[in-house]
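# Close look at the chain arrangement
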Amino acid sequence: MQDAITAAITSSDLQGQYLNSESLAQLEQYFQTGELRLKTAAVISDHAPDIVKDAVAHSLAGANAAKPGTAMHTTRQYAACVRDLDFYLRYATYAMVAGDTSILDERVLNGLKETYHSLGVSITSTVGAIQSMKFVTTELLGEEAGCELGCYLDYICDSLT
């Protein structure tokens, strides 16, 4: 796992260069949003079970997710969906605090799409549930903080599709 600082330094070091203006601008943005990211992480930590519960409810209300052949047809599948959404929220929060998606690649996305296909889990329903979680967090956190977390939830969705 990297963070924005480590990623910028590692990239420059591998090239044998000083930090360039692009790297410095990325670091400046990272530091400017630091307080927002930490406050957002604190609210998510305090409300994670409610966020997941509301996201599942929102997802079920807007889709046919509970029909046979979809992600939440059985109680077991429903519990797995709740577990997975909690997992995605936690790791998206880690990535947001770090300002880097590498933890998502390493610990969440590596082989996830293939696993879901082999288990018959609907990628469409999963992406819909993650998008519902993005909506719920934005409602709770406000537009700016919701956007800050939302880009990491979008990264998960984009990687699944």
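Residues numbered from 1 in each chain as written. Predicted model: local features only at pLDDT ≥ 70, side-chain atom pairs only at ≥ 80, totals over all residues. Heavy atoms only, no water.

Moving on: helix H3 (residues 34-61). For H3, with 28 residues, the first-to-last C-alpha span of 35 Å runs short of the 40 Å given by 1.5 Å per residue. The largest bend along H3 measures about 75° and falls at histidine 47, with the proline proline 49 one to four residues further on. Buried-residue contacts for H3 involve helix H2 (21-32), helix H4 (75-98), helix H7 (123-141) and helix H8 (143-160). (Helix = DSSP H or I, 4+ residues; strand = E, 2+ residues; numbered from the N terminus. Expected span 1.5 Å × (residues − 1). Bend = angle between axes of the 7 residues up to and from the residue. Contact = heavy atoms within 4.5 Å.)

Annotation from UniProt places "binding site: (2R,3E)-phycocyanobilin" (unreviewed entry) at Arg76 and Cys81. Its location among the elements puts arginine 76 in helix H4. Tracing the sequence through the fold places cysteine 81 in helix H4. (UniProt positions renumbered as here; feature names shortened; annotations may be inferred.)

When charged atoms on two side chains of opposite charge get close, those side chains can pair. Here the structure, examined in full by the defined rule, presents four salt bridges. The salt bridge partner of arginine 83 is aspartate 84, with a shortest N-O separation of 2.9 Å. Arginine 83 sits in the exposed class, given a relative accessible area of 52%. (Salt bridge = Lys/Arg side-chain N within 4 Å of Asp/Glu carboxyl O. Buried < 20%, exposed > 50% of the residue type's maximum accessible area, 1.4 Å probe, protein only.)

In total, this model carries four aromatic pairs according to the counting rule given. An angle of 75° between the planes, with centres 5.0 Å apart, marks the rings of tyrosine 91 and tyrosine 94 as edge-to-face. A residue pair is termed a helical-turn pair when its members lie 3 or 4 positions apart in one helix, as tyrosine 91 and tyrosine 94 do in helix H4 at three residues. An aromatic cluster is built from Phe87, Tyr88, Tyr91 and Tyr94, whose rings are joined through pairwise contacts. (Phe/Tyr/Trp six-rings, centres within 6.5 Å; stacked < 30°, edge-to-face > 60°.)

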